[in-house]
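Each chain, written out:
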Amino acid sequence: MNFYVMTLFPEMIEQGMHTSITGRAMEKGLLSLKTVNIRDYSVTGNGRIDDYPYGGGAGMVMQAEPIYRAYEDLLRQTRAQDKIRLVYLTPQGRVFHQAMAQELAQEENLAFLCGHYEGVDERVLEAIVTDYVSIGDYVLTGGELPAMVMMDAISRMVPGVLSNSDSGVSESFSDGLLEYPQYSRPELWRGCPVPPVLLSGHHGNVDRWRHEQSLLRTLRNRPDLLKKESLNKEDLKYLWKLLEEEMDNGLSAEEISVLKNLLGISLKLSD
Ligand code: SAM
C-alpha cells in the first residue's frame, strides 16, 4: 500500500512512520511513504503558503494554490490519471474508527492532507478532497499526528505487516468488543497470579474465558459498544450470571442498567 502525505512538516511524518512496525513494513516493501512539502509549492516564491482570512478573524489560512500544485505533483507521482482518494484531516470530519481503517486499507494508493493554522481555503478542499476525517472531538495544532494515527491503524490491516496474522483479527473492536486482558511470564508477579484457566492448556475453556472477559471489559469501559443483536445465547447467559452476582462483581448502577436493558430487550425478542 502506498501512502502520500501533503504537509508542512514532512520530517515529522517520515520520522514517525519509519519507526517500529510501520518502519519494518516499509523496509520489506509492504508499505511505501512519500511526503510532499506544501511549502515547496509556494506561489510567492519565498515559501509562504498562508494568508489572512477574508472577512477577518483570528489566525491564518493555508492558501488554495500551493496545495493544488502539490496535489497535481502528487498525482503525477502516483500515475493516477485524474483522482486519488484523499483524506483531509479535520476536527469537522467523520470520527475515525476501526471499520474505517479496514475499509481504507483496501486502497492501493491513499493520500492525506494535513492542515495547520486556522485551516485550509475551502475551495481547494472542494476540488480535491474525497474524505473528511477527524481523530476525535478535540482540536490539535496540525493534521500530522492525525495522519500518522490513521496510517498506523490502516497499516495493521495490510497483509504481512503484523508478524502474526491473527493479532490484528482478535484485537479490540474487531468483533465489536474490547480485547480480553493479556498476561505473560512469570506466573506469579509480586504476589499476583495469572488466572489459572490460562495455564490449564484447555483451549475451549481459554477461549470461553477470554470472550467473557471481553464482554465484561466492554460493559465496564465502553457499554455503548454492546449491541443486543450481536449477543448469542452463551453471551446472554453470562450477562445474566453477572447481573445475578452483581454484588460480587461490584457492578455500578450504570452497568446494571445497561445489563437490564440488554437482557430485557432480548427476552422480549424471544417471547
Ligand atoms: N479552525 C479549525 C476548526 O475549528 O475546525 C481547526 C484548525 S486546527 C488548529 C489545524 C489543523 O489541525 C486542521 O486543519 C486539521 O488538519 C488538524 N486537526 C486539528 N484537530 C484535528 C482532529 N481532531 N482530527 C483531525 N485533524 C485535526
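Residues numbered from 1 in each chain as written. Predicted model: local features only at pLDDT ≥ 70, side-chain atom pairs only at ≥ 80, totals over all residues. Heavy atoms only, no water.

**Student:** What should I look at first to understand the nonpolar core in this one?
**Tutor:** Soluble globular proteins tend to pack their nonpolar side chains together in the buried interior. In terms of nonpolar packing, the biggest core is built from 29 residues, with F3, F112, M150, M151 and I154 touching the most fellow members. Breaking this core down by element, the ones donating at least two residues are β1 (2–7), α1 (10–17), α2 (20–27), β5 (86–95), α4 (98–104), β6 (109–113) and α6 (144–155). The element contributing the most residues to this core is α6, with six residues. Not counting residues within four places of it along the chain, the set of residues in contact with M151 comprises F3, V5, I13, M17, L33 and F112. (Core = buried A, V, L, I, M, F, W, Y, C linked by side-chain atoms within 4.5 Å. Buried < 20%, exposed > 50% of the residue type's maximum accessible area, 1.4 Å probe, protein only. Helix = DSSP H or I, 4+ residues; strand = E, 2+ residues; numbered from the N terminus. Contact = heavy atoms within 4.5 Å.)

**Student:** Would you mind showing me how to read the domain arrangement of the protein chain here?
**Tutor:** In many reports, interface size means the accessible area that the parts give up when they come together. One can read the domain layout of the protein chain as domain 1 (2–155) and domain 2 (188–270). For domain 1 and domain 2, the distance between their C-alpha centres works out to 41 Å. (Domains from an automatic or database assignment.)

**Student:** What am I meant to see in the packing of aromatic side chains here?
**Tutor:** Geometrically, a pair of aromatic rings is defined through the distance of the ring centres and the angle of the planes. Under the criterion given, the structure shown has three aromatic pairs. Seen from their ring centres, F3 and F112 are 6.2 Å apart, and the 50° between their planes marks the pair as tilted. Within this pair, whereas F3 is found in strand β1, its partner F112 is found in strand β6, the two being separated by 109 residues in sequence. A residue is classified by how much of its surface remains accessible, and F3, at 1% relative accessible area, is buried. Judged by its relative accessible area of 0%, F112 is buried. Ring centres of Y68 and Y71 lie 5.9 Å apart, and the angle between their planes is 45°; on these two criteria the pair is classed as tilted. Of the two residues, Y68 and Y71 both sit in helix α3 (residues 64–78), three residues apart, roughly one turn of that helix. Using a relative accessible area of 32% as the deciding quantity, one classes Y68 as partly exposed. (Phe/Tyr/Trp six-rings, centres within 6.5 Å; stacked < 30°, edge-to-face > 60°.)

**Student:** So what exactly am I meant to see when it comes to the side chain of S214 here?
**Tutor:** Turning to its location among the elements, S214 is positioned in helix α7 (residues 203–221). The residues contacting S214, other than those within four sequence positions of it, are L177, L178, E179 and Y180.

**Student:** Before we go on, may I ask you to explain the site of the ligand in this structure?
**Tutor:** Around the ligand, the structure places 21 residues, and the nearest of them are Y88, L89, Q92, E118 and Y138. At 3.0 Å from an oxygen atom of the ligand is found a main-chain nitrogen or oxygen belonging to G115. Separating a nitrogen atom of the ligand from a backbone N or O atom of Y138 is a distance of 2.8 Å. When the ligand sits alone it has 580 Å² of accessible area, and the protein chains cover 86% of it. At five residues, β5 tops the list of elements feeding residues into the shell around the ligand. Here the shell around the ligand is built from residues that sort into 10 nonpolar, 10 polar and one charged. (Near = heavy atom within 4 Å. Polar contact = N/O pair within 3.5 Å; in protein donor to acceptor, adjacent residues only side chain to side chain. Areas by Shrake-Rupley, 256 points an atom, 1.4 Å probe, with all protein chains shown as cover. Nonpolar A, V, L, I, M, F, W, Y, C, P; charged D, E, K, R; others polar.)

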